[in-house]
Amino acid sequence: MRERMMAEERIDVGGVAINAVTAGEGPLVLMIHGFPGLAWSWRHQMAPLADAGFKAVAIDSLGYGGSDRPADPALYDSDHMQRYLLAILDHYGAGTAFIVGQDFGAQYAWNLAVRAPDRVRALVATIPYDYDLAGRAMLGSAETLPPGTPPQPVMASADHPPSRRFAAMAAQHFLHFHYFQEVGPAERELGGNLAEFLKRDFFALSANGNLWNWLDVPSEGSGYLDALPPAPDLPWPWLSEAEFARFVEGYDHPDIMKRVIGGLNSYRTADANWEIGRAWADHDVTVPTLFVHGARDPSFGFFPEWRERMARRVPGLVDVVEIEGAGHFIQQEQPAAFNRALIDFLKSR
């Protein structure tokens, strides 16, 4: 990231402040990270977008980095996130914008494209379409199981709220979605071992990691670090020691309970978002959409039949680009290939 090009500001989005980093002038490109991530996750995109004639805006999402870190999970639900993102577009005077989302950021971006399509010039997402975390995953609003059927151990369903499905999965093996629902244990474990957690999670979700190690870890008595294998020493091909230090610095906070609050509270919105999402579950994505993903993204184990479902539910889909040598952090692991796909798409719109 070319520091001389950067400007940074905190934006009041309605009772809370979001930290934003900007570069360049032109049509607005709003980039939204996931967990673990920060505005820093988009460091390889800022200057190329500015050089290509765009105004690049990367935010620390609520609960992360330089943004406010409220404790109340309700402030992180999809209705609130929608309002925050629209307030950011308004702050920059952008009637429409290009929206780019990764991980939780993709969830928010898909929602924006469905619920405010008049504000989205085009969409770029790196994980499949879902309005809400572990919600219905393009399955629609209609329930499919007979009344009284117990929750199934599946990641997406119109029949039972996510937390009940998480519990069904956690009865078989450790599942961080379930572990994160209770306030306290994860804050203390991950906040108290911040650098180790970030390093292990970054590696587990990368092209060379082993996210699914948790299948061999019991829920009882286990924390997330028990389920994340140790990571090799830095540097890695895509992450230097100095870059990693910026992530640790961005997450750090005097209150251990707030060091990873943004990510944890995003998981805790699952049931609320599932209820909010019912009204939108049968809406298709009509805005021009680029889906670009890492060929070795381990999170895709959660998204069966994603190609077929996206073909049905995303009539605005322009292209699907798979990038070799990339996992979940595609824009960091293979930035040159990602930037080519991104900028070519934006210029075509």
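Up top is the structure these notes are about.
The structure presented is a predicted model; accordingly, all values stated were derived computationally and were not measured.

## Focus: the sheet that holds strand β1 (residues 7–12)
Phase 1 of the analysis: Ordered by their spatial adjacency, eight strands build an open sheet running β1-β2-β4-β3-β5-β6-β7-β8, and the pairing between neighbours is mixed. The sheet terminates laterally at β1 and β8 (317–323), the two strands that pair on one side only. Averaged over all pairs of adjacent strands, the angle between strand axes in this sheet comes to 20°, irrespective of strand direction.
Phase 2 of the analysis: Here strand β3 (residues 28–32) pairs with strand β5 (residues 97–101) via four bridges, running parallel. Following the sheet pairing, valine 29 is matched in β5 by phenylalanine 98.
Phase 3 of the analysis: Strand contacts of helix α2 (residues 78–91): β1, β2 (17–23), β3, β4 (55–60) and β5, with the helix running at about 150° to β3, the strand carrying the most contacts.

## Focus on the pattern of salt bridges
Phase 1 of the analysis: Counting across every chain of the model gives 12 salt bridges.
Phase 2 of the analysis: In this structure, glutamate 25 engages lysine 55 in a salt bridge whose closest nitrogen and oxygen atoms are separated by 3.6 Å. Placement of the pair is glutamate 25 in the loop between β2 and β3 and lysine 55 in strand β4, with a sequence separation of 30 residues.
Phase 3 of the analysis: Exposure remark for lysine 55: the relative accessible area of 14% places this residue in the buried category.
Phase 4 of the analysis: The salt bridge involving arginine 278 is made with glutamate 275; its shortest N-O contact spans 3.0 Å.

## Focus: the packing of aromatic side chains
Within a pair of aromatic rings, the relevant descriptors are the distance that separates the centres and the angle that separates the planes.
Phase 1 of the analysis: The tally for this structure, following the rule as stated, stands at 32 aromatic pairs.
Phase 2 of the analysis: Their ring planes at 50° and their centres at 6.1 Å tell us that phenylalanine 197 and tyrosine 224 sit as a pair that is tilted. One end of the pair, phenylalanine 197, is in helix α7 (residues 194–204); the other, tyrosine 224, is in helix α8 (residues 224–227), with 27 residues separating them in the sequence.
Phase 3 of the analysis: Of the residues examined, tyrosine 224 reaches a relative accessible area of 2% and is grouped as buried.
Phase 4 of the analysis: Aromatic side chains phenylalanine 300 and phenylalanine 303 sit 5.8 Å apart centroid to centroid with 85° between the ring planes, which places their arrangement in the edge-to-face category.
Phase 5 of the analysis: Since its relative accessible area comes to 14%, phenylalanine 300 is described here as buried.
Phase 6 of the analysis: Between arginine 136 and the ring centre of tryptophan 274, over which it is positioned, the NZ or CZ distance is 4.3 Å.
Phase 7 of the analysis: Over the ring of tryptophan 274 we find arginine 278; its NZ or CZ atom is 4.9 Å from the centre of that ring.

Reading the values: the criteria
Residues numbered from 1 in each chain as written. Predicted model: local features only at pLDDT ≥ 70, side-chain atom pairs only at ≥ 80, totals over all residues. Heavy atoms only, no water. Pairing = 2+ DSSP bridges. Helix = DSSP H or I, 4+ residues; strand = E, 2+ residues; numbered from the N terminus. Axes fitted to C-alpha atoms, helices over the stretch in contact; angles between N-to-C directions. Contact = heavy atoms within 4.5 Å. Salt bridge = Lys/Arg side-chain N within 4 Å of Asp/Glu carboxyl O. Buried < 20%, exposed > 50% of the residue type's maximum accessible area, 1.4 Å probe, protein only. Phe/Tyr/Trp six-rings, centres within 6.5 Å; stacked < 30°, edge-to-face > 60°. Lys NZ or Arg CZ within 6 Å of the ring centre and 35° of its normal.

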